[in-house]
Amino acid sequence: MKKPAKAAPAGQAPAHAHDHKHCVEDALAAAERLCAAKDLRFTPLRRRVLELVWSSHKPVGAYALLDKLRNEDLGSAPPTIYRALDFLIENGLIHRIERMNAFIGCSHPGEAHRGFFLICGDCGNAEELDGDGLSEAITADAQRRGFAARDMTLEVTGLCADCRKTPA
Ligand SMILES: [Zn+2]
Ligand SMILES: [Zn+2]
Ligand SMILES: [Zn+2]
């Protein structure tokens, strides 16, 4: 897999140009609202971890996060950071991409839901599917086999719309 040079967070917008600052601002604002509504503490570390996960639309690995936080004075020993990640996952603010062992910001936080993703093998962006009806369909199919589904992941690999448009 080719790895493009590390771009500055703001510059690494996906192929489709957009002002990614808005994505980050929206995500942080949504998280603040959600935490206020649920009476949860949105600590500076939790906020910073969420911000880092949202630094692009590519999933971010735990080690990259640990690396970035190492020099920041937020009480960021690894266990604390893992707890912050757990908090963000439990509250539907980020998802874990299992196949990459990495994290991605949730594009529609607020209600508990499973993250179903389309992962582009070229640009590395992960796009969240609405997944309407998907988990119900899988749960029902599992039930017909007498299987009680508890959790599921769906990670579809391929080429995103923008990469399909861009000539190599
Ligand atoms: Zn964006
Ligand atoms: Zn989500
Ligand atoms: Zn792509």
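As shown above, the structure is provided for reference.
This is a predicted model, so every value here is computed, not measured. (Residues numbered from 1 in each chain as written. Chains lettered and ligands numbered in written order. Predicted model: local features only at pLDDT ≥ 70, side-chain atom pairs only at ≥ 80, totals over all residues. Heavy atoms only, no water.)

How do you make sense of the side chain of H57 when you look at a structure like this?
The residue H57 is located in the loop between helix 2 (44-53) and strand 1 (60-61) in this model. At a separation of 3.2 Å, a polar atom in the side chain of H57 contacts the side chain of H18. (Helix = DSSP H or I, 4+ residues; strand = E, 2+ residues; numbered from the N terminus. Polar contact = N/O pair within 3.5 Å; in protein donor to acceptor, adjacent residues only side chain to side chain.)

How should the nonpolar core be read in this particular structure?
Nonpolar side chains in soluble globular proteins tend to be buried together. Of all hydrophobic cores here, the largest spans 27 residues; its most connected members are V49, L50, L85 and L88. Elements that contribute at least two residues to this core include exactly helix 1 (20-38), helix 2, helix 3 (62-70) and helix 4 (78-90). The leading source of residues in this core is helix 1, at seven residues. Not counting chain neighbours up to four residues away, the residues in contact with L85 comprise V49, V53, L65, I94 and F103. Core analysis: the second largest hydrophobic core is formed by five residues, I97, I104, I119 and A126 among them. (Core = buried A, V, L, I, M, F, W, Y, C linked by side-chain atoms within 4.5 Å. Buried < 20%, exposed > 50% of the residue type's maximum accessible area, 1.4 Å probe, protein only. Contact = heavy atoms within 4.5 Å.)

When you look at the coordination of the zinc ion (ligand 1) in this model, what are you seeing that I'm missing?
Six octahedral donors around a metal ideally make angles of 90 or 180 degrees; four tetrahedral donors ideally make 109.5 degrees. At 2.0 to 2.2 Å from the zinc ion (ligand 1) lie its protein donor atoms, namely H18 (NE2), H20 (ND1), C23 (SG) and H57 (NE2). Taken together, the four donor atoms surrounding the zinc ion (ligand 1) define angles of 100 to 118° at the centre, an arrangement classified as tetrahedral. Sequence spacing of the donor residues for the zinc ion (ligand 1), all on one chain, is H-x1-H-x2-C-x33-H. With H20 in helix 1 and H57 in the loop between helix 2 and strand 1, this residue pair connects regions lying 37 residues apart in the sequence. Given a relative accessible area of 5%, H20 falls into the buried group. (Donors = N, O, S within 2.8 Å, 3.2 Å for Na, K, Ca; no water. Tetrahedral: all angles 85-135°; square planar, octahedral: opposite > 155°, others 65-115°.)

How do you make sense of unusual backbone geometry when you look at a structure like this?
Glycine aside, residues mostly have negative phi angles, and peptide bonds mostly take the trans form. Non-glycine residue D39 carries a positive phi angle of around 60°. In this fold, D39 is placed in the loop between helix 1 and helix 2.

Sorry if this is basic, but what is going on with helix 2 here?
Think of an α-helix as turning once every 3.6 residues; residues three or four places apart then point the same way. Those residues of helix 2 lying buried are L45, V49, L50, L52 and V53. Taken down its axis, helix 2 places every buried residue within 160° of arc, on the same side. Where helix 2 is buried, its residues touch helix 1, strand 1, helix 3, helix 4, strand 2 (94-97) and strand 3 (102-105). (Arc of directions from axis to C-beta.)

For this particular structure, what's the right way to read the layout of surface pockets?
Each pocket or cavity is described by its volume, and for the second largest pocket that value is around 500 Å³. Taken together, 31 residues form the lining of the second largest pocket, with H57, N125, A126, E127 and E128 sitting closest to its centre. Among the elements of the structure, helix 1, strand 3, strand 4 (116-120), strand 5 (126-128), strand 6 (154-158) and helix 6 (161-165) are those that each provide at least two residues to the lining of the second largest pocket. A total of four residues in the lining of the second largest pocket trace back to one element, the largest contributor, which is strand 4. (1 Å grid on protein atoms, 1.4 Å probe; cavity = no way out; pocket = protein on both sides within 12 Å on 5 of 7 lines; lining within 4 Å. Points joined across faces, edges and corners; volume = space filled by probe spheres on them.)

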